[in-house]
Amino acid sequence: MFCVVCYMFMDKQQAKKRIEKLREEINHHRYLYHVLDKQEISDGALDSLKNELFKLEQAYPNLITLDSPTQRVAGKPLDKFKKVRHSVPMMSLFDAFNSEDMRDWEKRLYSLISREFRLDYYCELKLDGLAASLRYKKGVFAQGATRGDGVIGEDITQNLRTIEAIPLVLRRPKKGQLTKIGLAKDAIINIQTALEKGTIEVRGEVIMAKTVFGKLNKKYKKQGRALLANPRNAAAGSIRQLDAKLAAERQLDYYVYDLILPLSPRLAMASAKRATPSMVLSSPRLRSGQARERGDLLQKQEQKIELAKLLGFKVLKYNKYCKNIEKVFKFHDHWEKNRDKLDFQCDGVAVKVNKLALWPRLGAVGKGPRYMMAYKFAAEQATTKVKDVVWQVGRTGALTPIAILNPVRVGGVTISHATLHNMDEIQRLSLKIGDTVIIERAGDVIPKVIKALPKLRDGDERDIRLPAECPVCGGKIDKAPGEVAYRCANKNCYAVNLRKLIHWASKGALDIEGLGPKIIEQLVKEGIVGDLSDFYTLKKGDLKPLERFAEKSAENLVKAIQDRKRVKLERFIYGLGIRHVGEETALLLAKNFSVYNITYPKSKISDLIFYFKGIKPESLEAMEDVGPIVAKSISDWFYNQHNLELLEKLEKKGVGFIEDYREYIKKSPKFQNKKFVLTGTLNSLTRYEAKRKIRELGGNISSAVSKNTNFVVAGIDPGIKYDKAKKLGVNIIDEKEFLEIIK
């Protein structure tokens, strides 16, 4: 046994040499165990080495470094995660669901490159975990971050340090090892230089193995603790714990799928000379960013994975080179049938063009790169029975049928409820209570009934009937012409009122911090809040006796409500919850009121009432993007006596709005009568800033793409608006092009 006293007989130089030897030996065995699946010494022997290192470092604390194996769990719990901007965006992949989608993808690739190139691929199992980026400076782990929105993530360095599969210091591969994976002499020199004094970024997936998940849940069950839902959620939740010790307990793993290396000096110098701002906007190669992102040191994706392994990272041993698309299909089909045998959750195959030289040429479009495709496995499905159907009442009074199911596991999650949307959907499915149905987790998120199996009926099934009255308040139910939803006609319905109150405090409306749905429901049940105006009479004494509240939390909530007494006019209008009036329509109404009211900029709620009571539905229809249904809804709302009384009560409580016609009027004719749709996340400015700039230049914003749309601005993860724009042939521009035209 070693003890601290023993080290007192060592001088500092001897201790330093011993520490360096121990670290080297421990890192060697970490690499063997985690990367090569080999074990030369027992766990007990390795623990003994770690223990000796720990005691030596305690005797000589000034010799402790961040890359020491003893420093995997360190530091006090964080108050919150700091934001980190990725040096290169972490883009998401486009999805393919069958071989036809994949063949179409390959055709598109060949249309962008010469036929003299023969495409080959590298296939990687697509892990279902949490993407994380690691930054190494001079070969030492310096920072780690979540993907976030692809541009800005959260700093989770402290938690990532607890994962044994992540090396705290990169291995220095020997020249022979680098030559063996096909690297040229100058590439080897540049990589060795990057390890010594440069920056290398690593992208990979944080996961929890199924076996670890099972063991933890078994342990937690014995301890009476809450069980983990599934490996994916467990991994994501663990890595975002503010206390690194909690993350360490979860025994997470990390597999690498990408490396971002610095440019060679030759290419860096050439790029600096060539890449003028105009070239960045005009050149597809430079616009994709890949010429700068990927460097010029490697030739193949296959090499990248091999290099990651040499640097000390775990890579999936199942990854495979496929010389053509047919081989890709075989790889995909094999693992789709055998994925249950894997010790991790996997939802498909990431298929990547193997030749890295083609990546800049193929570039990126919309939310992701063209040179990669996520070839998804078939959606996970299961069968169960519909026990009953209950009806929920929404903010607008709409009744939504919810299927109560016999609990069933789908994709690692137990599902007991699924929305049926409306009576039309029930009729389309020919669904009855008691039916056996197929449940699918669409996109691995939303449980959905996709089919009933009538041949399994036994005669005890019952028809699903619309309630004769509102299931919450007993009020009358009606259905407007041309709509599919049935609604509670009682304006004072408890459920409708509750959701109105929740909407008022929501992020898009008044955004009152701390006033969430559960708190609002508690206030309503206790009889403390009946309508919106009651929020503004709340006192600390009203809240303190309630569950979840103490002196400070009660004080904070009252202050948060008072601080949001006056908000921008568009937020105020949106918060009123007028049917069919979303954020864009609310902004349009605010703009028209403000321009009309230009001589009285410090308006009150009573001025707003006067304005809208004086406007006819046909005048509202004349506004951009306001049709007859929306116009009637606005007009009806401001003629409803209950609504007018509520507005008057709000004004008496000191509630109001901020308006500035200068923010709404057109300052420039540059985009006169041009209609823009924004989709996806922008890097250099917020959605609000982009909209404001468009309006300043005379343009209009729309929430939906149509043939009348002039521009669709596509950021990262653009979604279905991007797809619709492509289908309609609408002009799609990326962020750099957008920034250029708004100059």
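In this text the structure is predicted, and so the values were computed from the model without any measurement.

(A) Just the sheet that holds strand S4 (residues 130–137), in detail. Taken in spatial order, the four strands of this open sheet run S5-S4-S7-S8, and their pairing is antiparallel. Each of the sheet's edge strands pairs with one partner strand only, and the pair in question is strand S5 (140–146) and strand S8 (253–260). Strand after strand, the sheet turns through a mean of 30 degrees between neighbouring axes, direction not considered.

(B) Fine view of the pairing of S5. In this structure, S4 lies alongside S5, joined through six bridges in antiparallel fashion. The residue bridging Tyr136 from the neighbouring strand is Phe141, located in S5. Linking two consecutive strands that pair antiparallel, namely S4 and S5, is a turn of two residues; a positive phi of about 55 degrees is found at Lys138 within it.

(C) Main features of the pairing of S8. With seven of eight residues buried, S8 lies mostly within the body of the structure. Of the pairings in the sheet, the one linking strand S7 (residues 199–207) to S8 comprises seven bridges and is antiparallel in character. Across the sheet, the residue bridging to Val202 is Leu259, located in S8.

(D) Representation of the nonpolar core. In terms of nonpolar packing, the biggest core is built from 89 residues, with Met102, Leu160, Tyr254 and Val353 touching the most fellow members. In this structure, Leu160 is in contact with Ala132, Leu134, Phe141, Gly144, Ala145, Ile166, Val206 and Ile239, ignoring residues within four places of it in sequence. With 58 residues, the next largest nonpolar core counts Leu498, Ile561, Ala590 and Val655 among its residues.

(E) How the structure looks around the environment of Lys320. Among the structural elements, Lys320 can be located in strand S9 (residues 320–322). The spacing of Lys320 and Glu124 is 196 residues in sequence and 6.7 Å in space, taken between C-alpha atoms. In this structure, Lys320 is in contact with Tyr121, Tyr122, Cys123 and Phe331, ignoring residues within four places of it in sequence.

(F) Broad picture of the confidence of the model for the protein. Scored by pLDDT, the protein has a mean of 82; 87% of the residues are at 70 or more. Note on residues 1–5: pLDDT under 50 across the span, and seven contacts to partners over four residues away in sequence or across chains. This stretch, residues 274–295, has a pLDDT under 50; its non-local contacts, to residues over four places away or in other chains, come to 47 contacts.

(G) Layout of unusual backbone geometry. Even without being glycine, Asp511 reaches a positive phi, approximately 55 degrees. For His580, which is not a glycine, the phi torsion comes out positive at approximately 75 degrees. One can find His580 in the loop between helix H23 (569–575) and helix H24 (583–596). For His580, a relative accessible area of 37% puts it in the partly exposed group.

(H) Focus on the sheet that holds strand S13 (residues 372–376). Pairing within the open sheet is mixed, and its five strands lie in the order S2-S13-S10-S3-S9. Lying at the two open borders of the sheet, with one neighbouring strand each, are strand S2 (95–96) and S9. Of the pairings in the sheet, the one linking strand S10 (residues 346–353) to S13 comprises five bridges and is antiparallel in character. Its bridge partner lying in S13, Gly348 is registered against Lys376. In the packing of helix H4 (residues 99–112) onto the sheet, the strands contacted are S2, strand S3 (121–127), S10 and S13, and the crossing angle to S13 comes to about 170 degrees. Contacting S3, S9 and S10, helix H15 (residues 301–310) runs over the sheet at an angle of about 50 degrees to S3.

(I) Spotlight on the packing of helix H27 (residues 628–639) against helix H28 (residues 641–652). At a closest axis distance of 5 Å, the pairing of H27 and H28 adopts a crossing angle of 65 degrees. Taken together, the axes of H27 and H28 lie roughly perpendicular to each other. Along its contact with H27, which presents Trp637, Phe638 and Tyr639, the element H28 presents Gln641, Asn643, Leu644 and Leu647. Looking at the contact of H27 with H28 residue by residue, the class counts come to five nonpolar, two polar and no charged.

(J) Inspection of the pattern of salt bridges at higher detail. This model, assessed by the stated rule, comprises 23 salt bridges. The partner of Arg103 in a salt bridge is Glu326, with the nearest N and O atoms 2.8 Å apart. Highlighted residues: Arg103 in helix H4 and Glu326 in helix H16 (residues 325–338), separated in sequence by 223 residues. Arg103 sits in the partly exposed class, given a relative accessible area of 35%. Assessed through its relative accessible area of 37%, Glu326 is described here as partly exposed. Lys314 is paired through a salt bridge with Asp253; the nearest N and O atoms lie 2.9 Å apart. Remark: Asp253 occurs in strand S8 and Lys314 occurs in the loop between H15 and S9; sequence separation between them is 61 residues. Like Lys314, the residue Asp253 is buried in the burial classification. Residues joined by salt bridges that share partners form a network here, namely Lys540, Glu551, Lys552 and Glu555.

(K) Examining the packing of helix H19 (residues 494–505) against helix H20 (residues 517–525) more closely. The geometry of H19 relative to H20 is characterised by a closest axis approach of 10 Å and an angle of 135 degrees between their N-to-C directions. Taken together, the axes of H19 and H20 are oblique relative to one another. Crossing hand, H19 versus H20: right-handed. Within the contact between the two elements, H19 uses Tyr494, Leu498, Leu501, Ile502 and Ala505 and H20 uses Pro517, Ile520, Glu521, Val524 and Lys525. Among the residues making up the contact of H19 with H20, the classes are represented as eight nonpolar, no polar and two charged.

(L) Region of the structure containing a negative patch on the surface. A surface patch of like charges, here negative, comprises Glu20, Glu24, Glu25 and Glu40. Checked against the element boundaries, Glu20 lands in helix H2 (residues 12–34). Overall, the relative accessible area of 44% leaves Glu20 in the partly exposed class.

(M) Region of the structure containing the environment of Leu342. Position of Leu342 relative to the elements: it lies in the loop between H16 and S10. Leave out the neighbours within four places in its chain, and Leu342 touches Leu125, Lys210, Tyr318 and Trp335.

(N) Spatial organisation of the packing of aromatic side chains. All chains considered together, the criterion is met by 17 aromatic pairs. An angle of 70 degrees between the planes, with centres 5.2 Å apart, marks the rings of Phe593 and Tyr611 as edge-to-face. Placement of the pair is Phe593 in helix H24 and Tyr611 in helix H25 (residues 605–613), with a sequence separation of 18 residues. Comparing Phe593 with Tyr611, the two get one shared label, buried. Between the aromatic rings of Tyr611 and Phe612, the centroid separation amounts to 4.9 Å while the plane-to-plane angle is 80 degrees, which identifies the pairing as edge-to-face. Residue classification places Tyr611 among the buried residues on the basis of a relative accessible area of 8%.

What counts as what
- Residues numbered from 1 in each chain as written.
- Predicted model: local features only at pLDDT ≥ 70, side-chain atom pairs only at ≥ 80, totals over all residues.
- Heavy atoms only, no water.
- Pairing = 2+ DSSP bridges.
- Helix = DSSP H or I, 4+ residues; strand = E, 2+ residues; numbered from the N terminus.
- Axes fitted to C-alpha atoms, helices over the stretch in contact; angles between N-to-C directions.
- Buried < 20%, exposed > 50% of the residue type's maximum accessible area, 1.4 Å probe, protein only.
- Core = buried A, V, L, I, M, F, W, Y, C linked by side-chain atoms within 4.5 Å.
- Contact = heavy atoms within 4.5 Å.
- pLDDT = per-residue confidence, 0-100.
- Parallel < 35°, antiparallel > 145°, perpendicular 65-115°, else oblique.
- Nonpolar A, V, L, I, M, F, W, Y, C, P; charged D, E, K, R; others polar.
- Salt bridge = Lys/Arg side-chain N within 4 Å of Asp/Glu carboxyl O.
- Left-handed = near helix turned anticlockwise from the far one by under 90°.
- Patch = residues over 30% accessible without salt bridge, like charges linked within 9 Å, V, L, I, M, F, W, Y side chains within 5 Å.
- Areas by Shrake-Rupley, 256 points an atom, 1.4 Å probe, with all protein chains shown as cover.
- Lys, Arg positive; Asp, Glu negative; His and termini not counted.
- Charge placed at Lys NZ, Arg CZ, Asp CG, Glu CD.
- Phe/Tyr/Trp six-rings, centres within 6.5 Å; stacked < 30°, edge-to-face > 60°.

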